[in-house]
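Listed below are the residues making up each chain.
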Amino acid sequence: KTVLRLDDVRKSFGNTQVLRGISFDIHQHEVVALLGPSGSGKSTLMKCVNLLEQVDDGQIWLGNTDITDPRADQDKIRARIGVVFQQFNLFPHMSVLRNVTLAAIKVHHWSKDRAETRAMELLERIGMRDKASAYPDQLSGGQQQRVAIARALMTDPELLLLDEITSALDPMLVGEVLNMVAELKAQGTTILMATHEMSFAHEAADRIVLLRHGVIAENGTPAEVMDES
Ligand code: ADP
Ligand code: ADP
């Protein structure tokens, strides 16, 4: 089953062609790592999938929904894609529980009860149930990033996008976040992650898509891609 399909996606900023015909699929339960040098278009690609940027040409399919169709319901699509960014983006004046439940309540119109029950389940799963009433500045960077992952999983999304989620972390804290990604993979979560952690991509990804100057230079298993590059 195909969860995400990019079909000849193109995107320019002014005269700069940043994505020049990107096509690849992600299947259910697959973890795909998006690698490539700085400036190769990783972040732009992630933003197109996340509806933060509009493509100029081509389609992006989430299941049977063409998410590049301007008539598509964006809030519905956002509930089907969980996103974690490099910066944790937790609201500093809100507790962990409120941070995790906020979008579910405000954007997806869940009841507070339903949202809190689900949030506590997820916090339990990541070993942070006892931090539910803590504030972000009382947590380490790694713990904050795990909270951001829990928030992204609230609506049980079909696809989890992880955009350089370890780049802002102290190297000491990278391991705990990567362990969590490995756990999500073991639970069958479908993931697209842009990362600089080559060794992690090698270990955890089923497939590596390597971007170079806005085109796909390689698309294969870690062994295939690392052998050639
Ligand atoms: P990566 O994530 O691989 O480092 P990006 O997608 O951030 O690559 O950037 C790819 C290219 O697109 C770069 O040359 C960058 O300067 C350019 N770019 C990205 N976003 C914008 C923007 N909003 N306006 C103009 N140029 C942009
Ligand atoms: P990061 O490098 O991820 O941004 P922080 O700036 O959050 O990490 O934390 C810097 C250091 O302080 C880390 O070694 C972290 O373990 C520690 N630290 C941060 N917050 C706490 C906390 N609430 N309790 C204990 N240690 C903490």
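A brief structural summary. (Residues numbered from 1 in each chain as written. Chains lettered and ligands numbered in written order. Predicted model: local features only at pLDDT ≥ 70, side-chain atom pairs only at ≥ 80, totals over all residues. Heavy atoms only, no water.)

This part is about the pattern of salt bridges. A complete count under the given rule lists ten salt bridges for this structure. R10 serves as the salt-bridge partner of D8, at 3.1 Å between the closest nitrogen and oxygen. According to the relative accessible area criterion, R10 is partly exposed, its value standing at 35%. In this structure, the salt-bridge partner of D206 is K185, at a minimum N-O distance of 2.8 Å. Taken together, the positions of D206 in the loop between α7 (198-204) and β9 (207-212) and K185 in helix α6 (residues 171-186) put the pair 21 residues apart, joining distant regions of the chain. (Salt bridge = Lys/Arg side-chain N within 4 Å of Asp/Glu carboxyl O. Buried < 20%, exposed > 50% of the residue type's maximum accessible area, 1.4 Å probe, protein only. Helix = DSSP H or I, 4+ residues; strand = E, 2+ residues; numbered from the N terminus.)

Here β9 pairs with strand β10 (residues 215-220) via five bridges, running antiparallel. Bridging from a neighbouring strand, R212 pairs with V215 of β10. Once β9 ends, the chain turns through two residues before running back antiparallel as β10, passing H213 with a positive phi of about 50 degrees. (Pairing = 2+ DSSP bridges.)

Counting 46 residues, the largest nonpolar core has L123, I149, M154, L162, I191 and M193 as the members making the most contacts within it. If we skip the residues at most four places from it in the chain, L123 touches V96, V100, M128, R129, A132 and A150. In terms of nonpolar packing, the next biggest core, distinct from the first, is built from 29 residues, V18, F24, V49 and A194 among them. (Core = buried A, V, L, I, M, F, W, Y, C linked by side-chain atoms within 4.5 Å. Contact = heavy atoms within 4.5 Å.)

To continue, consider the packing of helix α3 (residues 96-106) against helix α4 (residues 112-125). Relative to each other, α3 and α4 sit at 130 degrees, their axes nearing to 9 Å. By the angle class used here, α3 and α4 are oblique. Considering how the two elements wind past one another, α3 and α4 form a crossing that is right-handed. For the pair formed by α3 and α4, the contact residues are V96, L97, V100, T101, A104 and I105 on the first element and K112, A115, E116, A119, M120 and L123 on the second. Tallied by class, the residues present in the contact of α3 with α4 amount to nine nonpolar, one polar and two charged. (Axes fitted to C-alpha atoms, helices over the stretch in contact; angles between N-to-C directions. Parallel < 35°, antiparallel > 145°, perpendicular 65-115°, else oblique. Left-handed = near helix turned anticlockwise from the far one by under 90°. Nonpolar A, V, L, I, M, F, W, Y, C, P; charged D, E, K, R; others polar.)

The strands making up a sheet are joined through hydrogen bonds of the backbone, oriented either antiparallel or parallel. Here we have six strands laid out as an open sheet, ordered β6-β7-β8-β3-β9-β10, and mixed in their pairing. With one partner strand each, in any of the chains shown, β6 (81-84) and β10 form the two edges of the open sheet. Sheet twist, expressed as the average angle between the axes of neighbouring strands with direction ignored, equals 15 degrees. By the bridge criterion, four bridges tie strand β3 (residues 31-35) to strand β8 (residues 191-194) in an arrangement that is parallel.

Okay, the sheet that holds strand β5 (residues 65-66) next. Strand order in this open sheet of four strands is β2-β1-β4-β5, and the pairing throughout is antiparallel. Lying at the two open borders of the sheet, with one neighbouring strand each, are β2 (16-27) and β5. Note that strand β1 (residues 2-13) and β2 share nine bridges and pair antiparallel. Pairing of L4 across the sheet is with I26, part of β2.

Attention shifts here to the site of ligand 2. Every residue lining ligand 2 is accounted for by Q138, L139, S140, G141, A168, L169, D170 and L173. Q138 has a polar backbone atom sitting 2.5 Å from a nitrogen atom of ligand 2. Contacts to ligand 2 include G141, whose backbone N or O atom sits 2.9 Å from an oxygen atom. Coverage of ligand 2 by the protein chains reaches 47% of its 540 Å² of free accessible surface. Across the shell around ligand 2, the residue classes tally to four nonpolar, three polar and one charged. (Near = heavy atom within 4 Å. Polar contact = N/O pair within 3.5 Å; in protein donor to acceptor, adjacent residues only side chain to side chain. Areas by Shrake-Rupley, 256 points an atom, 1.4 Å probe, with all protein chains shown as cover.)

Here the focus is α4. Between its first and last C-alpha atoms α4 spans 20 Å; for 14 residues at 1.5 Å apiece the expected length is 20 Å, and the two agree. By the burial criterion, the buried members of α4 are A115, R118, A119, M120, L122 and L123. On its buried face, α4 sits against α3 and α5 (141-153). Following α4 by one or two positions, G127 has its phi on the positive side, about 70 degrees. (Expected span 1.5 Å × (residues − 1).)

By volume, the largest pocket is sized at about 560 Å³. Residue lining of the largest pocket: 23 residues in total, with R78, V83, A103, H108 and R151 positioned closest to the centre. Elements that contribute at least two residues to the lining of the largest pocket include exactly α2 (74-80), β6, α3 and α5. The element that contributes the greatest number of residues to the lining of the largest pocket is α3, accounting for six residues. Counted by class, the lining of the largest pocket contains 14 nonpolar, six polar and three charged residues. In this model, the second largest pocket occupies a volume close to 300 Å³. (1 Å grid on protein atoms, 1.4 Å probe; cavity = no way out; pocket = protein on both sides within 12 Å on 5 of 7 lines; lining within 4 Å. Points joined across faces, edges and corners; volume = space filled by probe spheres on them.)

None of the figures reported here should be taken as evidence of function without further support.
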